[in-house]
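Single-letter residue listing:
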Amino acid sequence: MSAKAISEQTGKEFLYKHICTSAAVQNRFRYASVTAETDWQRLTQEHPWLLTERLVIKPDQLIKRRGKLGLVGINLDLEGVKEWFKARVMRETTVGKAKGVLKNFLIEPFIPHTQEEEFYVCIYATREGDHVLFHHEGGVEVGDVDAKALRLLVAVDEKLGEEQVMEKLLTHVPDEKKQVLASFVVGLFKLYEDLYFTYLEINPIVVTKDGVYVLDMAAKIDATADFLCKAKWGDVEFPPPFGREAYPEEAYIADLDAKSGASLKLTLLNPCGRIWTMVAGGGASVVYSDTICDLGGVDELANYGEYSGAPSEQQTYDYAKTILSLMTREKHTQGKVLIIGGSIANFTNVAATFKGIVRAIKDFQCPLKEHEVTIFVRRGGPNYQEGLRVMGEIGKTTGIPIHVFGTETHMTAIVGMALGHRPIPNQPPMDAHTANFLLNASNSAATPATTRTASFSEPKTSSEFNPAKKSKADLPADSLHSILWPLKNMVTGDWKEAQASSGCSGDKPTTLFRKQTKAIVWGMQTRAVQGMMDFDYVCSRDEPSVAAMVYPFTGDHKQKFYWGHKEILVPVYKNMADAVKKHPEVDVLISFASLRSAFDSTMESMQYPQIHTIAIIAEGIPEAHTRKIIKMADEKGVTIIGPATVGGIKPGCFKIGNTGGMLDNILASKLYRPGSVAYVSRSGGMSNELNNIISRTTDGVYEGVAIGGDRYPGSTFMDHVLRYQDTPGVKMIIVLGEIGGTEEYKICQGIREGRITKPVVCWCIGTCATMFASEVQFGHAGACANQASETAVAKNQALRDAGAYVPKSFDELGDVIKTVYDDLVANGTIVPAQEVPPPTVPMDYSWARELGLIRKPASFMTSICDERGQELIYAGMPITEVFKEEMGLGGVLGLLWFQRRLPRYACQFIEMCLMVTADHGPAVSGAHNTIVCARAGKDLISSLTSGLLTIGDRFGGALDAAAKQFSKAFDSGMLPMEFVNKMKKDGKLIMGIGHRVKSINNPDMRVQILKDFVKQNFPSTQLLDYALDVEKITTSKKPNLILNVDGFIGVAFVDLLRMCGGFTRDEADEFVEIGALNGIFVLGRSMGFIGHYLDQKRLKQGLYRHPWDDISYVLPEHMSM
């Protein structure tokens, strides 16, 4: 969500820190926060004014009208404050319908003043700008400020001046206070803008001869502006609404959400409830909650939440295990139900997300059975068949009752099953598998599902439409109907004014997309572009709809895509200017820019007159930015779809990005050719569900748009409803509205005044909100009612009264759509046409492999590491376990080189070997080469490679050779003397014996350190003992023929491999044979070589040239002919 309430303390801290005004703001930072754990003695040390001043104390928990509720202690000394606090802290209190415990309190200095010195000021955001309300009487008895206060609208991008304030707002204020108040209000508005507030109310603000005092304050800020305001905000804590506890699990999911590109939300409503939900999609999550409440489950509904935006398997697992952990803490006499629901996904791989849920179910299978949990699953979207299969299998293997349904089942049918209101079918009919659609022959009759009507509308002129009728759902007038009409200025005012305020400036085109429409895609979204091209191909377009892509982070280049069977190249530009210049036919921009860059890129794109439509996909764009985009779009005549949307689709013509899902859903929902029904919704997932419902109950979709879930979508419901009204091919209109905002009332007005004459089927989701005791922010940023008229119940009743077709619940939406459609067919408005099969589209190799339809031999194999999952795995061990077990470098080397978890002493020995072989000075050949290369100006990799290439039998590569020679002699039963004599007879050196400097009298301490460790820790040292016996013989002949460090490591490693218990004899010998031991020297010495490279660079050594006096020039004598 975007607008989030902050505590009074946080709001005042922002104000005192950042307000810029000539008015003297008093008592800056003079407040103290207290809880049941507060140390009062320490508190008075930090705030000594508590001991000397009269005080005010009040709870700081988002409670409205605290004064009228008796929740403000006034004009008390510190002891009085303590008594007042003690009588209320940790006590349950009822505020409206909400019951909660008072925990957090705020203490401030008491300000003596008269009623005449109290004023009221409020600033709040709307689509068209920010409203400033001011009333010359403030305080507890201020009453209905909406009716009383003077108001001033500051339009988007306009500034507020002191003259305006005095002229429009301060007409009833005494002259001596006008200048102070004007300066303060202007400063307050600037603060409101700079810190991205969406609501800021001060009641009362007190103005005395000493200055301005801010007594009570309530505020909300736009949480999506965190990336802009972090420096000013700091770490903001958003308290829960009064009546709902802040649970650590909610904070955990919020943290996951903040770190993820996906959306993860969780609100606990009743942790003891028996009905739990795990729903995919912001809109779908609201629909499921509505249905549960409609069927009488409101008191047992345990949570609200949603996961969407293609979360990874690990993220879904973390989300699911949190839900399962919460629901298996307390038993319920009737057992519990878990509803894993969702609409038809547009781009989320359902099977991948379900894998995370399945993992969680496996981990919690015992508690789930103990708590008698029954699970109901309904989902659709990419690869959903595999996801449902996996869900069904886990039910069978664990014994947990899991009932699985796909797109053939109405989205919310599982709620009725879970609550016992409808029977559970034994074997529900399953729709065809993804592959059946994509690999189907074009002349096959199996493509359309048998339950769908294979028809679409012939074009008719708009004069043939019948006006909207009164709803057939004959429901009694809702009691809220009487409070809807404070909106008279919006609903019954002049039609042109309402049209203008909705953003319909009249110069925006009615038709956004045609079969020749060309688009630029901003962002490297290759999957979405390929999906658009496959849609174009199946719609029999002549050319792809994507003309070019813009991606600032790479140079201009071509990107390869498929057009049917053949490959084509799409140009990619670094900037928008080049793209529009080279593609003048483009009039649509699809922006996948991030929430941080979407504003700038959109504003730039609107500078090009050829761009008429922009779809902004990003979620989380600050509302202030969105409003500026809307203002410029209205000025330029550009239609904005989004932000926070999947886009829209016009069957047979054009689709935006991932809209409509993959080809199986495109074909199943008949989106490859136009129908007669146009829809507009907020939710992207629910728009795909509407595609499904419409295709099952009518001849299909003519056009559909998801305007996005933000409070201020770039285009409104009414914008698109009016377009559909003026489009001859559209015969009926469907609107899926939502709690929050008042846009649906303009549809009511349009129907009443005859501007909308086509049948409108409308349903507003979020009806459950009025049943909850405390405020719940649903998945979409705009899904929150700030007044009674914004509730879904109120809007549904108003639409019903206006003459729209309004079902009793979402469950009945499909039935109402079918009834209206059948009537239109019966009266000849819609004439079904013959179905034409679409062309087949080859399936992408990667997707076919994902579905398990093909196989191919791998190019190469690996058995040591797997990076494909959510966590890196070394030889079967997750990287988190590697660190948890403190395996160290030796342990990691054991996993990656030997595929074993080696004993602790073996890991330590490996690390010791790496340390002792790390370097042996600059004179040895490898270090020398590295130094020469570094001084020649070469880079690190080149210099390191130069040194490594010298490693061989003569330098450093004796580990393998020594291990092989000593092992062969020992295994053959040859005595040490016989081995020495044989090597001498064969004229071969004994590898690992001999040292240029060290001798029996000047031992190598590296060997001594290793020898002490090996003798103390290895279970057996047979080969090492044999090598030491050989050393006795060789040193008797010459003192420097000692067992050197290479030889020692070689033979000791053979003992380790053979005797540690982790390898067979053949495996141990194989590792020696394939050169594993030389790897120890290569790895260790690389550290030294890198050190020499860095040392030369740090010393800034120049090009090396070997001195002449160190070279013996031996040339042949001159010979004359």
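Source: prediction; values computed, not measured. (Residues numbered from 1 in each chain as written. Predicted model: local features only at pLDDT ≥ 70, side-chain atom pairs only at ≥ 80, totals over all residues. Heavy atoms only, no water.)

Participant: Which residues make up the packing of aromatic side chains, and what values go with them?
Facilitator: Following the criterion strictly, the structure yields 25 aromatic pairs and no others. Geometrically, the ring pair formed by Phe-513 and Phe-654 is stacked, given 4.9 Å between the ring centres and 15 degrees between the ring planes. Highlighted residues: Phe-513 in the loop between helix 17 (495-501) and strand 20 (519-522) and Phe-654 in strand 28 (residues 654-655), separated in sequence by 141 residues. As far as the burial class goes, Phe-513 and Phe-654 line up, both buried. Taking 5.3 Å as the distance between ring centres and 75 degrees as the angle between the ring planes, the aromatic pair formed by Tyr-551 and Phe-553 counts as edge-to-face. Classification of Phe-553 by relative accessible area gives exposed; the value is 65%. Among the aromatic residues, those joined into a cluster by ring pairs are Trp-897, Phe-898, Tyr-905, Phe-909, Phe-1018, Phe-1053, Phe-1063 and Phe-1071. The aromatic ring of Phe-238 is capped on one face by Lys-4, whose charged end is 4.9 Å from the ring centroid. In this arrangement the basic side chain of Arg-359 is found over the ring face of Tyr-317, its NZ or CZ atom lying 4.1 Å from the centre. (Phe/Tyr/Trp six-rings, centres within 6.5 Å; stacked < 30°, edge-to-face > 60°. Helix = DSSP H or I, 4+ residues; strand = E, 2+ residues; numbered from the N terminus. Buried < 20%, exposed > 50% of the residue type's maximum accessible area, 1.4 Å probe, protein only. Lys NZ or Arg CZ within 6 Å of the ring centre and 35° of its normal.)

Participant: Tell me about the layout of surface pockets, residues and numbers included.
Facilitator: Estimates place the volume of the second largest pocket at around 1100 Å³. Its residues assigned to classes, the lining of the second largest pocket comprises 13 nonpolar, 8 polar and 9 charged. (1 Å grid on protein atoms, 1.4 Å probe; cavity = no way out; pocket = protein on both sides within 12 Å on 5 of 7 lines; lining within 4 Å. Points joined across faces, edges and corners; volume = space filled by probe spheres on them. Nonpolar A, V, L, I, M, F, W, Y, C, P; charged D, E, K, R; others polar.)

Participant: Explain the pattern of salt bridges to me, and be specific about the residues and the numbers.
Facilitator: One pass over the structure, following the stated rule, counts 49 salt bridges. A salt bridge links Lys-178 to Asp-175, with the shortest nitrogen-to-oxygen separation between them at 3.5 Å. Of the two residues, Lys-178 and Asp-175 are both situated in helix 6 (residues 175-194); the distance of 3 residues between them amounts to about one turn of the helix. Salt bridges here are not isolated pairs; linked through shared partners, they connect Glu-8, Lys-12, Lys-58, Arg-66, Glu-108 and Asp-216. (Salt bridge = Lys/Arg side-chain N within 4 Å of Asp/Glu carboxyl O.)

Participant: I'd love a proper account of the sheet that holds strand 2 (residues 32-34), names of residues and values included.
Facilitator: Working definition: the strands of a sheet are paired by backbone hydrogen bonds and lie parallel or antiparallel to each other. With antiparallel pairing, 4 strands are arranged side by side in an open sheet as 2-7-3-4. Only two strands of the sheet have a single neighbouring strand rather than two, namely strand 2 and strand 4 (73-76). Taking the axes of each pair of neighbouring strands and ignoring which way they run, one obtains an average angle of 25 degrees across the sheet. In terms of strand pairing, strand 3 (residues 55-59) meets strand 4 through 2 bridges, oriented antiparallel. The partner of Ile-57 across the bridge, within strand 4, is Gly-73. Here helix 3 (residues 78-88) sits on the sheet in contact with strand 2, strand 3, strand 4 and strand 7 (105-109), set at roughly 15 degrees to strand 3. (Pairing = 2+ DSSP bridges. Axes fitted to C-alpha atoms, helices over the stretch in contact; angles between N-to-C directions. Contact = heavy atoms within 4.5 Å.)

Participant: Account for the nonpolar core, naming residues and giving values.
Facilitator: Formed by 107 residues in total, the largest nonpolar core has its most connected members in Ile-590, Phe-654, Val-735, Ile-747, Val-761 and Phe-810. Apart from residues lying up to four places away in sequence, Val-761 is in contact with Met-732, Ile-733, Ile-734, Val-735, Tyr-805, Leu-813, Val-816, Ile-817 and Val-820. With 61 residues, the next largest nonpolar core counts Leu-944, Leu-959, Ile-1033 and Phe-1063 among its residues. (Core = buried A, V, L, I, M, F, W, Y, C linked by side-chain atoms within 4.5 Å.)

Participant: Which residues make up the sheet that holds strand 18 (residues 373-378), and what are the values?
Facilitator: Reading across the sheet, the 4 strands line up as 15-17-18-19 and stay open at both edges, with parallel pairing between neighbours. Single-partner strands in this sheet number two, and they are strand 15 (275-277) and strand 19 (402-405). With strand direction ignored, the average angle separating the axes of adjacent strands in the sheet is 15 degrees. Two elements, strand 15 and strand 17 (residues 336-340), share 3 bridges in a ladder whose sense is parallel. Each residue of the ladder has a partner; that of Trp-276, found in strand 17, is Leu-338.

Participant: Break down unusual backbone geometry for me, with residues and values.
Facilitator: Cis geometry marks the peptide bond from Asn-203 to Pro-204; its omega dihedral reads 0 degrees. A cis geometry characterises the amide bond from Gly-642 onward to Pro-643, with omega recorded as 0 degrees. Residue placement: Pro-643 occurs in the loop between strand 26 (639-641) and strand 27 (648-650). Positive phi, normally seen in glycine, also occurs at Tyr-196, with a value near 55 degrees. Residue placement: Tyr-196 occurs in the loop between helix 6 and strand 11 (197-208). Taking the relative accessible area as the measure of exposure, Tyr-196 reaches 17% and is therefore buried. Even without a glycine there, the phi angle at Lys-670 is positive, about 55 degrees.

Participant: Describe the environment of Asp-866, listing the residues and the values that go with them.
Facilitator: Secondary-structure assignment places Asp-866 in strand 33 (residues 865-866). Classification of Asp-866 by relative accessible area gives partly exposed; the value is 25%. With 11 residues separating them along the chain, Asp-866 and Met-877 place their C-alpha atoms 9.7 Å apart. With sequence-adjacent residues up to four places away left out, Asp-866 is seen in contact with Glu-871, Leu-872 and Ile-873.

Participant: Tell me about the packing of helix 34 (residues 958-971) against helix 38 (residues 1045-1059), and name the residues and values.
Facilitator: The geometry of helix 34 relative to helix 38 is characterised by a closest axis approach of 8 Å and an angle of 60 degrees between their N-to-C directions. Looking at the two axes, helix 34 sits oblique to helix 38. Crossing angle aside, the handedness with which helix 34 passes helix 38 is right-handed. Contact residues: Ala-958, Leu-959, Ala-962, Ala-963, Phe-966, Ser-967, Phe-970 and Asp-971 in helix 34; Asp-1046, Gly-1047, Ile-1049, Gly-1050, Val-1051, Val-1054 and Arg-1058 in helix 38. Of the residues assigned to the contact of helix 34 with helix 38, the class counts are 9 nonpolar, 3 polar and 3 charged. (Parallel < 35°, antiparallel > 145°, perpendicular 65-115°, else oblique. Left-handed = near helix turned anticlockwise from the far one by under 90°.)

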